[in-house]
Amino acid sequence: MSPTNSKPAPKRGSPKPNSRAANKGRQTATGRNVSRGAALRAQKQAVQDANRVASQYLDAAGKQTDSQPAGKPGPRRANVIDDSPRLKIIGLGGMDGGGSKNMMVIEYQNDAIVIDCGNDLGVDLPGINYGIADTTYLDQIKAKIRGFVITHGHLDHMGALPHILPKYGVPVYGSKFTIGRVEEIFENFGLPMPDGFELKTVAMNEDTHERLKLGEFFIELIRVTHSIPGSTMVVVDTPVGRLINTGDFRLDPNPLDHEKTDSARLEELAKEGVLALMSESTTTERPGRTPSESTIEQSFVDIMDNAPGRIFVGLFSTNMNRVQMIVNAAVHHNKKVAMDGRSMVSTLEMAVRNGFMKIPKGTFVPIANAATMKDQDVVVVCTGSQGEPNSALVRMSMGDHKHISLKEQDTVILSSTPIPYSGNDALIRAMVDDLLKKGVHVYRHETYVVDNAGPLHVSGHGSQDEYREIIEMVKPKFFLPIYGDFTAKKYHIDIAIQAGIPRKNLGNFENGDVISLTKDKMEVTGQVPHGTVLVDQTGAVVSTIVVKDRVLLAEGGLVAVVLTIDKRTGSLLTSPDIISRGFIYMKDNEELMNAFRNELRRAVTQRFKRVDLDRFKAELKDYVTHFLYEQTQRSPIVIPVVNVIGGRSEKANNDIHKPAGAAPEQPKTPEEIALEQQRRFAQMRQRLLNQDARVD
């Protein structure tokens, strides 16, 4: 910026302060000058990068707005209104991202049901706990919705119910265990339910092939093996034809609970005719077959035979079959079992209450007692196999657990593998590092061969041979791969073609696609609003705009500039105050800060009296952005604060509080008003500067 006496004031539209000429001769921290345009482009790129990260999880309004011309946001409504006598299948979640926030809508004229209502636990954004499906479209068809049908009790299939179900007030249908899980998450949900809401649940018997009527639909549940009890397929008989949603499954020939997939019933339905099969696609890239759960039972017995110290087993909180297996091994070795992890204890209590677990009396002891028991007498079953922050096993590995301090010769068994698409590998590795540093013996499924142990985990999902077997067993006319990302669904389509499904009768569909079915044809006839709603640790919804700001702050930090200017003279009344958060440590950059203040003084001198206040703030923001990028090659969020002191008349308006007959207060002179404003601002400034040592 040039001194004010070196050239005339720039006209509107002329270059702003910090032009190329003004920069001439100024030595920057990076050793080079950068044009204002380059600095603003860098800032724009940072904003675009933040948008790209956060926009993976846009809600329906955000998605439509992004697709509209600037300044013309799209309406939150379906692009196609179709009440023709066609059956419609719409994925509001689960058709991308590895099969998360699973939610499928089945709609026929005036009736609709929703299959699954899950959350996305793989959202990696600052302060976000999980995502749920945007329900804008459900709001539009609220009068049609007859119920929610849940395939099984994992959170990615039913965890969003406390957020979504109260808006519609319809019953939830599922197996006995699944309904127990639904009631459990409502009991443990941290936020109050809306006034008048009452949870209505219907437990269906999957063994007797019970059929219930919901509007124009009949629904039936079919037992399948998965990694949680009570897992089912959902059969929906519609006026157009029969649909089957597989939920999550594997075809285990020897499950621990002896509850095999009901293949006989599937074959019966196939003979009657199946219009469309909607099959989950989580592990379609894995060849062969998934091993049986029974293959790992002996591994726990063998480790308990040889372990020199206490035994800790980390696993998924809902895997009650695996808990039963560990209880059996512990009882075999005359050991007691302690459990830790709120979600695991809650699920266990529900499972025992409903008769899904067989626990000998006296087997369980409180976790607080485990620390005082002899090492050979106790097995601790806990959450944390995925390295989740604040989980029981992670707190033990870090030495922060309330009751347990790990020691040398203890044994930790991780009876799981990283959840696909979650990025948990690094968390698990860091936890294993902490365990090994303590001299703990660690057994993992990934390394069980080199650890001289047996296998410690089997997947709850099938492999390619099982996916093909279901298709060949059901013999559907149309095939829809669901609950997986595009790549996984593409592999599933290849499997379906090998199983004899014609190419014209299948498709790789996306969230929001309206898949219309007649007896002879399947086609996409439109799109409905869809997207992701983000939820924080408290259960509250977080705006995507807020998340974008968090991403920007995480990348570049924040710089606030506070200027106090005399309105009459246009000069600074105090030295510019600069506040930095997450950008630089100011005490280590005094030379830069001094140069920054000098530039701010020059900006005020040159521009404040020549443009209106709003334009001055905008120019100041661009100017600061340019200067900081030129000096540091970084683009923080910039917040300019301009306090204008003096030149404003103030009239006392509190005469009604004065005693009767009191003499009216004499109006203050402009000088007195200015002094009073300066005094108040000095107090405010002092409070601000005393908040944190990082304020310069």
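Residues numbered from 1 in each chain as written. Predicted model: local features only at pLDDT ≥ 70, side-chain atom pairs only at ≥ 80, totals over all residues. Heavy atoms only, no water.

Chemist: What is the right way to look at the overall build of the protein in this model?
Modeler: Within the protein, the regular secondary structure consists of 20 helices and 26 strands. By the burial criterion, 53% of the 696 residues in the protein qualify as buried. Contacts in the protein between residues far apart in sequence, at least 24 positions, make up 74% of those at least 6 positions apart. When the accessible surface of the protein is split by element, carbon and sulfur atoms take 50% of a total near 31800 Å². (Helix = DSSP H or I, 4+ residues; strand = E, 2+ residues; numbered from the N terminus. Buried < 20%, exposed > 50% of the residue type's maximum accessible area, 1.4 Å probe, protein only. Contact = heavy atoms within 4.5 Å. Areas by Shrake-Rupley, 256 points an atom, 1.4 Å probe, with all protein chains shown as cover.)

Chemist: Please clarify how the nonpolar core should be interpreted in this entry.
Modeler: Where a protein is soluble and globular, its nonpolar side chains tend to be buried together. Of all hydrophobic cores here, the largest spans 34 residues; its most connected members are L138, F148 and L161. Of all the elements, helix α7 (residues 176–188) adds the most residues to this core, at four residues. Apart from residues lying up to four places away in sequence, L138 is in contact with L92, M103, V105, V114, I145, F148 and Y168. (Core = buried A, V, L, I, M, F, W, Y, C linked by side-chain atoms within 4.5 Å.)

Chemist: Explain unusual backbone geometry to me, please; I cannot follow it from the model alone.
Modeler: What is expected of a backbone is that most residues other than glycine have negative phi and most peptide bonds are trans. The phi angle at H258 is positive, at roughly 65°, despite the residue not being glycine. Inspection of the secondary structure assignment puts H258 in the loop between β12 (242–245) and α8 (263–272). The phi dihedral of Q633 falls on the positive side, at around 60°, and the residue is not glycine. Here Q633 lies in the loop between α19 (613–632) and β26 (637–645). Its relative accessible area of 27% is what places Q633 among the partly exposed residues.

Chemist: Any chance you could explain the sheet that holds strand β9 (residues 211–214) here in plain terms?
Modeler: The strands that make up a sheet pair up through hydrogen bonds in the backbone, lying either parallel or antiparallel. In space, the six strands of this open sheet follow the order β9-β10-β11-β12-β13-β19, with mixed pairing throughout. Each edge of the open sheet is held by one strand with a lone partner, namely β9 and β19 (478–482). Averaged over all pairs of adjacent strands, the angle between their axes in this sheet comes to 20°, without regard to strand direction. Of the pairings in the sheet, the one linking β9 to strand β10 (residues 217–223) comprises four bridges and is antiparallel in character. (Pairing = 2+ DSSP bridges. Axes fitted to C-alpha atoms, helices over the stretch in contact; angles between N-to-C directions.)

Chemist: In this structure, what is going on with the environment of N643? I would like to understand it.
Modeler: Within the fold, N643 resides in strand β26. On the basis of relative accessibility, which here comes to 19%, the residue N643 falls in the buried class. Taking the C-alpha atoms as reference points, N643 and K567, 76 residues apart in sequence, are found 9.3 Å from one another.

Chemist: Explanation requested: the pattern of salt bridges in the structure shown.
Modeler: Any two side chains of opposite charge can pair, given that their charged atoms come close. In this structure the tally under the stated criterion is 27 salt bridges. Residue D207 pairs with R223 through a salt bridge whose shortest N-O separation is 2.3 Å. Taken together, the positions of D207 in the loop between β8 (201–204) and β9 and R223 in strand β10 put the pair 16 residues apart, joining distant regions of the chain. The exposure class assigned to D207 is partly exposed, which follows from its relative accessible area of 42%. (Salt bridge = Lys/Arg side-chain N within 4 Å of Asp/Glu carboxyl O.)

Chemist: How do you make sense of the packing of aromatic side chains when you look at a structure like this?
Modeler: To describe a pair of aromatic rings, one takes the distance between the centres and the angle between the planes. Applying the stated criterion to the full structure yields six aromatic pairs. Note on F177 and F356: the rings are 5.0 Å apart at their centroids and 90° apart in plane angle, and the pair reads as edge-to-face. Residue F177 is located in helix α7, and its partner F356 is located in the loop between α11 (342–353) and α12 (367–370); the two are separated by 179 residues in the primary sequence. Given the relative accessible area of 32%, F356 is considered partly exposed. Look at F186 and F197: their rings are 5.9 Å apart centre to centre, the planes differ by 25°, and that puts the pair in the stacked class. In this pair, F186 is assigned in helix α7 and F197 in the loop between α7 and β8, connecting sequence segments eleven residues apart. (Phe/Tyr/Trp six-rings, centres within 6.5 Å; stacked < 30°, edge-to-face > 60°.)

Chemist: Looking at this structure, how should I read helix α17 (residues 544–556)?
Modeler: Two residues of an α-helix separated by three or four positions point the same way, owing to the 3.6 residues in each turn. Here α17 contains 13 residues, and its C-alpha end-to-end distance of 18 Å stays within 8% of the 18 Å for a straight helix at 1.5 Å per residue. Every buried residue of α17 is accounted for by T544, V547, K548, V551, L552 and G556. Buried residues in α17, looked at end-on, bunch into an arc of 150°, giving them a common side. (Expected span 1.5 Å × (residues − 1). Arc of directions from axis to C-beta.)

Chemist: Teacher, can you tell me more about the sheet that holds strand β2 (residues 103–108) here?
Modeler: Reading across the sheet, the eight strands line up as β8-β7-β6-β3-β2-β1-β20-β21 and stay open at both edges, with mixed pairing between neighbours. Two strands bound the open sheet, and with one partner strand each, they are β8 and β21 (522–527). Averaged over all neighbouring strand pairs, the angle between strand axes comes to 25°, with direction disregarded.

Chemist: Help me understand the packing of helix α9 (residues 297–306) against helix α10 (residues 320–332) in this model?
Modeler: Two measures define how a pair of helices packs: the angle their axes make with one another and the distance between the axes. As a packed pair, α9 and α10 sit with axes 9 Å apart at the nearest point and diverge in direction by 40°. In terms of orientation, α9 and α10 fall into the oblique class. Between α9 and α10 lies a crossing whose hand is right-handed. Every residue of α10 that contacts α9 at E297, F300, V301 and M304 is listed here: R322, M325, I326, N328, A329, A330 and H332. Broken down by class, the residue content of the contact of α9 with α10 amounts to seven nonpolar, two polar and two charged. (Parallel < 35°, antiparallel > 145°, perpendicular 65-115°, else oblique. Left-handed = near helix turned anticlockwise from the far one by under 90°. Nonpolar A, V, L, I, M, F, W, Y, C, P; charged D, E, K, R; others polar.)

Chemist: Explanation requested: α11 in the structure shown.
Modeler: Taking 1.5 Å per residue, twelve residues should reach 16 Å; α11 reaches 17 Å between its end C-alpha atoms and fits that length. Of the positions making up α11, those classed as buried are M344, S346, T347, L348, M350 and A351. Where α11 is buried, its residues meet α7, α10, β15 (336–340) and β16 (378–382). Positive backbone phi, approximately 80°, marks G355, located one or two places after α11.

Chemist: Explain the pairing of β9 here, please?
Modeler: Where a strand is regular, its side chains alternate between the two sheet faces. In β9, alternate side chains face the same way, and those of L212 and L214 are buried while those of R211 and K213 on the opposite face are not. Linkage of β9 to β10, two consecutive antiparallel strands, is achieved through a turn of two residues, within which G215 is found at a positive phi near 65°.

Chemist: Is there a simple way to explain the side chain of R250 in this structure?
Modeler: Mapped onto the fold, R250 is located in the loop between β12 and α8. We classify R250 as buried; its relative accessible area is 2%. Reaching out from R250, the side chain makes a polar contact with the backbone oxygen of S459 at a distance of 2.8 Å. Those residues in contact with R250, other than ones at most four positions away along the chain, are T225, H226, S227, T261, T290, E293, V458, S459, G460, H461, G462 and E466. (Polar contact = N/O pair within 3.5 Å; in protein donor to acceptor, adjacent residues only side chain to side chain.)

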